[in-house]
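# Observations on the three-dimensional arrangement
Each chain, letter by letter, is given below.
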Amino acid sequence: MTDHALTEQQRLVVTIAILASFVTSLDASVTNVALPRIAADLGGGLATQQWVVDSYLVTLSALMLLAGSIADAYGRVFIMRIGLVGFGIASIAVGFAANPEMMIAARALQGAAGAFLLPSSLALITSRISGAAQGQAIGVWTAATTGAMIVGPLMGGLFTDYLSWRLVFLISVIPIAITLWMLVQLRGTDDRQTGVRIDWAGGAAAALGLGLAVWALIEEPAHGWTSPQIWIPLLAGVLFFAGFLWWQTRAVSPILPLSLFRVRNFWTGNLATLFIYAALSLNGFVIGVYLQNTDGPGLTATLAGLASLPITILMVLLSSKVGTLSGKYGPRLFMSVGPLLLSIGAFMLLWVGQPFSYWWQVLPSMIVMGLGLSLMVAPLTATILGAIGPERSGIASAVNNAISRVAGLIVIALLSSIVGGSLNLAGFHSAAIVTGALFLAGSLVSFLGIRNPAGELEPNSLGT
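Definitions and limits used
Residues numbered from 1 in each chain as written. Predicted model: local features only at pLDDT ≥ 70, side-chain atom pairs only at ≥ 80, totals over all residues. Heavy atoms only, no water. UniProt positions renumbered as here; feature names shortened; annotations may be inferred. Helix = DSSP H or I, 4+ residues; strand = E, 2+ residues; numbered from the N terminus. Buried < 20%, exposed > 50% of the residue type's maximum accessible area, 1.4 Å probe, protein only. Contact = heavy atoms within 4.5 Å. 1 Å grid on protein atoms, 1.4 Å probe; cavity = no way out; pocket = protein on both sides within 12 Å on 5 of 7 lines; lining within 4 Å. Points joined across faces, edges and corners; volume = space filled by probe spheres on them. Nonpolar A, V, L, I, M, F, W, Y, C, P; charged D, E, K, R; others polar. Axes fitted to C-alpha atoms, helices over the stretch in contact; angles between N-to-C directions. Parallel < 35°, antiparallel > 145°, perpendicular 65-115°, else oblique. Left-handed = near helix turned anticlockwise from the far one by under 90°. Expected span 1.5 Å × (residues − 1). Polar contact = N/O pair within 3.5 Å; in protein donor to acceptor, adjacent residues only side chain to side chain. Phe/Tyr/Trp six-rings, centres within 6.5 Å; stacked < 30°, edge-to-face > 60°. Core = buried A, V, L, I, M, F, W, Y, C linked by side-chain atoms within 4.5 Å. Arc of directions from axis to C-beta.

In the nomenclature of an unreviewed UniProt entry, the protein chain corresponds to MFS transporter from the organism Leucobacter coleopterorum. As its UniProt record puts it under Subcellular location (unreviewed entry), the protein chain is described as follows: "Cell membrane".

Okay, here's the thing in structure tokens:
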């Protein structure tokens, strides 16, 4: 398939979708590298760093499924405009944040706006491009979005070291403005589905449940479990989330159709996602922050951003080939071995010590983890979407995206408990052990639960 298979309008659609999702992925990937400088400038220590990440993830996770329904009802282009404007305003607020409270509130607004951008960007492609051209368009969109994983940490490090971390967020307004201009050039009517019922109650219950629970988990080290400031919001959060799940069994148009979880590969794949993406979030946060610690390696933000680059490079080089092999031999082998390698790579970070050497203590781990992630990502996505079928792939993708972000949300909220209150060398080693255990759990869930689709070779038929 060559580029000329896409018409001019189709290329415009793909470009808009790429830019819309790129700004959200870029801001998410630059943040970990900038966290130490943000905390130093605004104050607040480790708790501030946790909230900078989790305030974004709370609103992004809680509103993503609801945003899909709203986009169906009011049109993808209209909702994308709202998301872009909201994300731009929030980015400016982040860039000019004068204290931790303003920073956290602005990041929460970013997450809410991002929830409207991510689902609508891919939905714009699927609603306006069909047939073989759609596969090409989604492939280009995926590759470009993955590129944010490479550009983000490096850009965050360079800006933090040589300009200002604030500019990382402020420059988001440039691609946002370009995308808004491109939307004006888009011809045709904005597709809307009549009769769509939006589950506002479910969206509110999910947001309150996640927000209150995360508040309690992050603030617990400062107050203790027996403090009413902790156990009351934690209990309320659990009750709201339980109410959300109960309501999803009765709502006419639930934002989380629980019937999907009756499909074995879907629920197993999402359970594996919960463990694996919790580990990935923990690993990314800890490496980005610890490597810059003055009582640790004391690397610059740029070098800390480059530390995990081997993982992304291996993903770019190998993921498509692994996807082909997974389609031939089935996903179970790859989804079991990939997280196992990730677990081994995480435990290899226990080599980190004094004197510090990136080349001997960190790089080997990054290579092993890069191989593991390359083996796992494409089969995991294909398995979850394939388990449901093309007619419901949109909601299946949204559910999986939401679960991956909730996983990161929870593990970052628990960070202080995981590292023992301080991200020193002992805390870094504790995080490595927890990361390795989470990856291992993902491997076991995949091995025990995933079933290869009929017609694909089982591992035993390969002589293994």
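Let us now look at the overall build of the protein chain. For the protein chain, the helix and strand inventory stands at 17 helices and zero strands. The buried share among the 464 residues of the protein chain stands at 53%. Summarising the internal contacts of the protein chain: among those between residues at least 6 apart in sequence, 81% fall at separations of at least 24.

Each pocket or cavity is described by its volume, and for the second largest pocket that value is around 650 Å³. In terms of lining, the second largest pocket is formed by 27 residues, of which the most central are L210, F241, L274, I403 and V406. Sorting the residues of the lining of the second largest pocket by element identifies α2 (45-74), α8 (200-223), α9 (228-248), α10 (264-290) and α15 (393-413) as the ones contributing at least two each. A class-by-class count of the residues in the lining of the second largest pocket yields 23 nonpolar, four polar and no charged.

One way to put it is that helix α13 (residues 332-348) packs onto helix α17 (residues 425-449) with a least axis distance of 8 Å and a crossing angle of 170°. When the axes of α13 and α17 are compared, the pair comes out roughly antiparallel. For α13 against α17, the interelement crossing comes out left-handed. Contact with α13, carried on its side by R332, M335, S336, P339, L340, L342, S343, A346 and F347, involves A432, I433, T435, G436, A437, F439, L440, G442, S443, S446 and F447 of α17 and no other residues of that element. When its residues are assigned to classes, the contact of α13 with α17 shows 12 nonpolar, seven polar and one charged.

Once that is clear, we can look at α17. Taking 1.5 Å per residue as the helical rise, α17 with its 25 residues ought to reach 36 Å, and the 36 Å between its terminal C-alpha atoms agrees with that figure. Sitting at the amino-terminal end of α17 is N424, which places a side-chain oxygen 3.3 Å from the backbone nitrogen of A426.

For the rest of this paragraph, the subject is the packing of aromatic side chains. The description of an aromatic ring pair rests on the distance of the ring centres and on the angle between the ring planes. Evaluation of the coordinates by the stated rule reveals seven aromatic pairs. Here W51 and W215 contribute two aromatic rings whose centre-to-centre distance is 5.9 Å and whose plane-to-plane angle is 40°, an arrangement assigned as tilted. One end of the pair, W51, is in helix α2; the other, W215, is in helix α8, and 164 residues separate them in sequence. Relative accessible area serves as the criterion here: at 12%, W51 is assigned to the buried category. The interplanar angle of 80° and the centroid separation of 6.3 Å between the aromatic rings of W165 and F169 together place this pair among those described as edge-to-face. Residue W165 and its partner F169 are both found in helix α6 (residues 165-170); the two are separated by four residues, about one turn of the helix. Of the two residues, W165 and F169, both sit in the buried class.

Moving on: the packing of helix α1 (residues 8-42) against helix α7 (residues 173-185). Where α1 contacts α7, the two axes come as close as 10 Å, and the packing angle between them is 150°. Taken together, α1 and α7 sit at an angle that is classed as roughly antiparallel. For the crossing formed where α1 meets α7, the hand is left-handed. Residues Q9, L12, T15, I16, L19, A20 and V23 of α1 form the contact with α7, whose own contacting residues are P175, I176, I178, T179, M182, L183 and Q185. Residues that form the contact of α1 with α7 fall into these classes: 10 nonpolar, four polar and no charged.

For the rest of this paragraph, the subject is empty space enclosed by the protein. If you walk through the whole model with that rule in mind, you get one cavity of 30 Å³ or more. Considered as a void within the structure, the largest cavity measures approximately 50 Å³ in volume. Considering the residues around the largest cavity, the lining is formed by L282, N283, V286, I287, L349, F428, A431, A432 and T435. Within the residue set of the lining of the largest cavity, elements represented by two or more residues are α10 and α17.

Our focus in this paragraph is the environment of L124. Among the structural elements, L124 can be located in helix α4 (residues 100-128). Setting aside residues up to four positions removed in sequence, L124 forms contacts with V13, I16, R76, V77, M80 and L186.

It is worth spelling out the nonpolar core at this point. The nonpolar side chains of a soluble globular protein tend to be buried with one another. I16, M80, M103, L186, F285 and M366 are the most contacted members of the largest nonpolar core, which has 123 residues in total. Those residues in contact with L186 that sit more than four places away from it in its chain are Q9, L12, V13, I16, V77, L124 and R128.

This paragraph deals with the side chain of Q110. Mapping Q110 onto the fold places it in helix α4. There is a polar contact of 3.0 Å between the side chain of Q110 and the side chain of S91. Those residues in contact with Q110 that sit more than four places away from it in its chain are D27, Y56, F87, A90, S91, V94 and F169.

Let us now look at α7. In a regular helix each residue adds 1.5 Å, so 13 residues correspond to 18 Å; α7 covers 19 Å between its end C-alpha atoms and thus fits that length. Inspection of α7 places I176, T179, M182 and L183 among the buried residues, and these make up the whole buried set. Buried residues along α7 cover an arc of 125° about the axis, so they all sit on one side. Projecting away from the buried face of α7 at angles above 90 degrees are the exposed residues I174, W181 and V184.

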